[in-house]
Amino acid sequence: MTYTSDIAFTASVKAIQTRKGSRDSYARMEQGGGWQRDITPDLAGFIAAQRSFYLATVNADGQPYIQHRGGPPGFLKVLDRQTLAFADYRGNKQFITQGNLTDNPRAFIFLMDYANSVRIKIWGRAKVIEDQPALLAELMPSQDRYRARPEQVLMFTVDAWDRNCPQHIPQRMDQEAVEALLQQRDQRIAELEEQLRLLQGETR
């Protein structure tokens, strides 16, 4: 039997799991269906809400590289049940990720939602598309929401994904969320001050 999680649970990994006592629980997970391959509606909704993620690639010599990608919510788009894509913006022109993918299409996406203590790991294969301006325009967030210079498309095919343990994730919030909460607080304070002013007027 082969399982979706075999993409990460190699023979060496399983041997260590056996030695350290976790193999039985992961074997039950595998037999119960294990990790998923298709992008579910829940995962699609999670992805649509994210403002950033980390993309890992590896070069021909096996040297790993992690790159941050960010944008407005929805900039990482779900195209179908196994495909993600985003407009790759013009940056410092190192092109390490693109060079790595030329040698090795294996890639990994790590999504972290600090506010809700959720992290998602996605294994797959990626490629850079340079000659499809219509697709690039379709993936680009509207210019009134986000100003960046699109250069190319990165297409990611999902092979497996897993929701990781939320333990030890520090809770952090985006600036907009904090500002909205502060605005609600200030509005509530103003309402209470007005109620107090009216009560004081009635007691005079």
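Look a little higher up for the structure.
Numbering of residues begins from 1 in every chain and follows the order in which that chain's sequence is written. Since the coordinates come from a predicted model, pLDDT governs what is reported: local features require at least 70, and pairs of side-chain atoms require 80 or more to be given and counted, while whole-chain, interface and lining totals use all residues. Here the side-chain values reflect all heavy atoms present in the structure, with hydrogen atoms and water set aside.

### Things to note about the sheet that holds strand β3 (residues 77–80)
Here's step 1: Spatially, the seven strands line up as an open sheet ordered β2-β1-β5-β6-β7-β4-β3, and their pairing is antiparallel. Looking at the sheet topology across the chains shown, the edges are occupied by β2 (64–70) and β3. Averaged over neighbouring strand pairs, the angle between their axes works out to 35° when direction is ignored.
Here's step 2: Here the rule is simple: two strands pair whenever DSSP picks up at least two bridges between them. Secondary structure counts use DSSP, requiring at least four H or I residues in a row for a helix and at least two E residues in a row for a strand, with both numbered from the N terminus. Pairing analysis gives 11 bridges linking strand β6 (residues 118–129) to strand β7 (residues 150–164), with the strands arranged antiparallel. Counted as the bridge partner of K127 is M155 from β7.
Here's step 3: Only heavy atoms matter for contacts: two residues are in contact if any of them lie within 4.5 Å across the pair. Between the N-to-C directions of two axes lies an angle of 0 to 180 degrees, each axis being a line fitted to C-alpha atoms and, for a helix, fitted only over the stretch in contact. The strands that helix α3 (residues 41–49) touches are β3, β4 (83–89), β5 (106–113), β6 and β7; relative to β6, the one it contacts most, it runs at about 80°.

### What about the side chain of T97?
Here's step 1: Structurally, the position occupied by T97 is in helix α4 (residues 96–103).
Here's step 2: Excluding residues within four positions of it along the chain, T97 makes contact with L55, T57, Y65, Q67 and L154.

### What about the side chain of Q17?
Here's step 1: Along the chain, Q17 falls in helix α1 (residues 11–20).
Here's step 2: Residue Q17 is classed as buried on the basis of its relative accessible area of 8%.
Here's step 3: Among residues more than four places away in sequence, those in contact with Q17 are F9, S22, R23 and Y26. Exposed residues in this analysis have more than 50% of their type's maximum accessible area, buried residues have under 20%, and partly exposed residues fall in between, with area computed by a 1.4 Å probe over protein chains only.

### Some words on the packing of α1 against helix α2 (residues 23–31)
Here's step 1: The geometry of α1 relative to α2 is characterised by a closest axis approach of 7 Å and an angle of 125° between their N-to-C directions. Considering the angle they form, α1 stands oblique to α2. Across from K14, Q17 and T18 in α1, the residues of α2 making contact are R23, Y26 and E30. Throughout, the term roughly parallel applies to angles under 35 degrees, roughly antiparallel to angles over 145, roughly perpendicular to angles from 65 to 115, and oblique to all others.

### A look at the pairing of β3
Here's step 1: Sheet analysis places β3 next to β4, joined by three bridges and oriented antiparallel. Note that in β4 the partner of K77 across the bridge is A85.

### Concerning the packing of aromatic side chains
Here's step 1: Aromatic rings from Phe, Tyr and Trp, with only the six-membered ring used for Trp, were paired whenever their centres fell within 6.5 Å, and each pair was classed as stacked if the ring planes differed by under 30 degrees, edge-to-face if by over 60, and tilted otherwise. One pass over the structure, following the stated rule, counts six aromatic pairs.
Here's step 2: Aromatic pair F9 and Y26: ring centres 5.2 Å apart, planes at 65°, arrangement edge-to-face. A residue pair is termed long-range when its members are at least 10 positions apart, and F9 in the segment before α1 and Y26 in helix α2 qualify at 17 residues.
Here's step 3: On the basis of relative accessibility, which here comes to 11%, the residue F9 falls in the buried class.
Here's step 4: Judged by its relative accessible area of 35%, Y26 falls in the partly exposed class.
Here's step 5: Pairing W35 with W123 gives two aromatic rings, centres 4.7 Å apart and planes at 15°, and the pair type is stacked. Of this pair, W35 sits in the loop between α2 and α3 while W123 sits in strand β6, and the two are 88 residues apart along the sequence. Both residues of the pair, W35 and W123, belong to the buried class.
Here's step 6: What links up through ring pairs into an aromatic cluster is the set F9, Y26, W35, F108 and W123.

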